[in-house]
Amino acid sequence: MNGRFPPWLTPTWEQLSSDWRQGRLAHALLLSGADGLGKRRLAERLAALLLCEHPADTGQSCGHCQACLWLQAGAHPDLRLLQPEEAGKAIKIDQVRALSVELAMTSYSGHHKVALVAPADALNVNAANGLLKTLEEPTADTVLILLSASPGSLPATVRSRCRHLRVHRPDSGAGLDWMHAEGIADDTAQRCLQVAGGAPLAAVELAAGGVLAERDRRLAQLAGVFRGRDDPLRVAADWLGEHEARTLGWWRDWLQALVRWQQAGLPPDEPQVAQTLQQISESVDCRQVFELSDRIVAALHSLGSGLNRQLLLEDLLIDWARLARTRRSAAPVT
Ligand SMILES: [Zn+2]
């Protein structure tokens, strides 16, 4: 990963560091923007500034005090991270209570305490309500930083207690420059940036580790199941693992693209996706696609709740295969 600070984050950073210089940094911040834009980088830079023992007046941590060394080692006792215990799971009320207790105690270094809620979208209703008390009655020198890709889904009571800063997508030229600096060839960079919806850090992740190839394979498997060439149960077994949420997210996006195409006549930007979806689009009912997409969204929310993931995937894939058959059997005989 490039150590350079992403330039498109600079305007938001300028606001934060200016607030800090003037001593009026809010005690609760909400940083919103699509995943893969670098909200976490911003939050970590701010945490470093707040925890540093000798920050420069310009708003830079010194990089060599004890606090900075702890941070570089990945462990500062006054930096708390509130995140799901497992990826894709919800943040629970018990975790929020534990954080509140920790924040109420004196800081280890005698300076700030910083808590990062990442992602705040993972707070379930109880956890969000539990966090309200901390937001309403912050302990001295405590800064809470909430990260969210969909701030609209956070309770209004939480949003209204935070200073809300939005991180915007860079234009594609700036995004591609960033990716080239990461050593990614232009063709791959362009496709990954497109797939990642213009979010460069997400695009870099896609380009690395064969994620894009995995995505292509998932799309081919869905097309195979739809046409009756692939066995839904075998595909479900193949999907089972640590990346189910990612796969379901892609599937949801493709179904939503299919609905957009059918209803608004807007084909997907990606030629590979358009080609596959076109064949499916001709033999499927828009309403049923919509219903399945809703079920996938619900499945994404319930992934961490202890239900049988294999059964869940099997159910969805069997119904996906059934969509094709329903339409075929309902088609008038000509
Ligand atoms: Zn320092």
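Residues numbered from 1 in each chain as written. Predicted model: local features only at pLDDT ≥ 70, side-chain atom pairs only at ≥ 80, totals over all residues. Heavy atoms only, no water.

(A) Spotlight on the pattern of salt bridges. Inspection of every chain in the model, using the stated rule, returns 22 salt bridges. A salt bridge links Arg287 to Asp285, with the nearest nitrogen and oxygen atoms 3.9 Å apart. Where Arg295 meets Asp319, a salt bridge forms, and the shortest distance between an N and an O atom there is 2.8 Å. Remark: Asp319 occurs in helix α15 (residues 309-330) and Arg295 occurs in helix α14 (residues 286-302); sequence separation between them is 24 residues. Of the residues examined, Asp319 reaches a relative accessible area of 21% and is grouped as partly exposed. (Salt bridge = Lys/Arg side-chain N within 4 Å of Asp/Glu carboxyl O. Helix = DSSP H or I, 4+ residues; strand = E, 2+ residues; numbered from the N terminus. Buried < 20%, exposed > 50% of the residue type's maximum accessible area, 1.4 Å probe, protein only.)

(B) Summary view of the sheet that holds strand β1 (residues 28-32). Pairing is parallel across the open sheet formed by five strands, whose spatial order is β2-β3-β4-β1-β5. Every other strand in the sheet has two partners, leaving β2 (79-82) and β5 (163-166) as the edge strands with one partner each. Ignoring which end each strand starts from, the neighbouring axes of this sheet average 20° apart. Across five bridges, β1 lies against strand β4 (residues 142-148) in parallel orientation. (Pairing = 2+ DSSP bridges. Axes fitted to C-alpha atoms, helices over the stretch in contact; angles between N-to-C directions.)

(C) Fine view of the side chain of Ser18. Tracing the chain through its elements places Ser18 in helix α1 (residues 10-21). Reaching out from Ser18, the side chain makes a polar contact with the side chain of Gln22 at a distance of 3.0 Å. (Polar contact = N/O pair within 3.5 Å; in protein donor to acceptor, adjacent residues only side chain to side chain.)

(D) Layout of the pairing of β1. The element β1 is extensively covered by neighbouring structure, given that five of its five residues are classed as buried. Residues of β1 alternate between two faces, with Ala28, Leu30 and Ser32 on one and Leu29 and Leu31 on the opposite face, all of them buried. Note: β1 against β5, four bridges, orientation parallel. Paired with Leu29 across the strands is Arg163, a residue of β5.

(E) Quick look at the nonpolar core. Membership of the largest hydrophobic core comes to 74 residues, with the highest contact counts inside it found for Leu16, Leu46, Ile145, Met179, Leu248, Trp251 and Trp320. The element best represented in this core is helix α12 (residues 244-264), accounting for nine residues. The residues touching Trp320, leaving out its near neighbours within four places in the chain, are Leu222, Val225, Phe226, Trp251, Leu255, Ile280 and Leu292. In this structure, Ala28, Leu82, Ala128 and Leu146 belong to the second largest nonpolar core, which totals 22 residues. (Core = buried A, V, L, I, M, F, W, Y, C linked by side-chain atoms within 4.5 Å. Contact = heavy atoms within 4.5 Å.)

(F) Representation of the coordination of the zinc ion within the structure. In the first shell of the zinc ion, the protein supplies Cys52 (SG), Cys62 (SG), Cys65 (SG) and Cys68 (SG), at 2.3 to 2.4 Å from the metal. Angles of 103 to 117° at the metal separate the four donor atoms of the zinc ion, which places the site in the tetrahedral class. Residue classification places Cys68 among the buried positions, given a relative accessible area of 4%. (Donors = N, O, S within 2.8 Å, 3.2 Å for Na, K, Ca; no water. Tetrahedral: all angles 85-135°; square planar, octahedral: opposite > 155°, others 65-115°.)

(G) Region of the structure containing the packing of helix α10 (residues 211-226) against helix α13 (residues 271-281). Between α10 and α13, the shortest axis-to-axis distance is 10 Å and the interhelical angle comes to 10°. Taken together, the axis directions place α10 and α13 in an arrangement best described as roughly parallel. Between α10 and α13, the contacting residues are Arg215, Leu219, Ala223 and Phe226 on the first element and Gln272, Val273, Thr276 and Ile280 on the second. A per-class count over the contact of α10 with α13 returns five nonpolar, two polar and one charged. (Parallel < 35°, antiparallel > 145°, perpendicular 65-115°, else oblique. Nonpolar A, V, L, I, M, F, W, Y, C, P; charged D, E, K, R; others polar.)

(H) Quick peek at the packing of aromatic side chains. Summed over all chains, the structure comprises seven aromatic pairs. With 6.4 Å between their ring centres and 65° between their planes, Phe5 and Trp13 make a pair best called edge-to-face. Taking relative accessible area as the criterion, Trp13 reaches 4% and is therefore assigned buried. Arranged with centres 5.6 Å apart and planes meeting at 80°, the rings of Trp239 and Trp251 form a pair that is edge-to-face. Residue Trp239 is found in helix α11 (residues 232-239), and its partner Trp251 is found in helix α12; the two are separated by 12 residues along the sequence. (Phe/Tyr/Trp six-rings, centres within 6.5 Å; stacked < 30°, edge-to-face > 60°.)

(I) Structural detail: the domain arrangement of the protein. Taken domain by domain, the protein comprises domain 1 (7-168) and domain 2 (210-330). Look at where the C-alpha atoms of domain 1 and domain 2 centre, and you get two points 36 Å apart. (Domains from an automatic or database assignment.)

(J) Seen up close, unusual backbone geometry. In this structure, Pro119 follows Ala118 across a cis peptide bond, with omega equal to -5°. Turning to its location among the elements, Pro119 is positioned in the loop between β3 (113-117) and α5 (125-136). You will see that Asp141, though not glycine, has its phi angle at about 60°, which is positive.

(K) Representation of the environment of Phe290 in the model. With respect to the helices and strands, the residue Phe290 is situated in helix α14. Looking at Phe290, the relative accessible area reads 46%, which means it is partly exposed. In the structure, Phe290 is positioned 117 residues away from Gly173 in sequence and 34 Å away in space, judged by C-alpha atoms.

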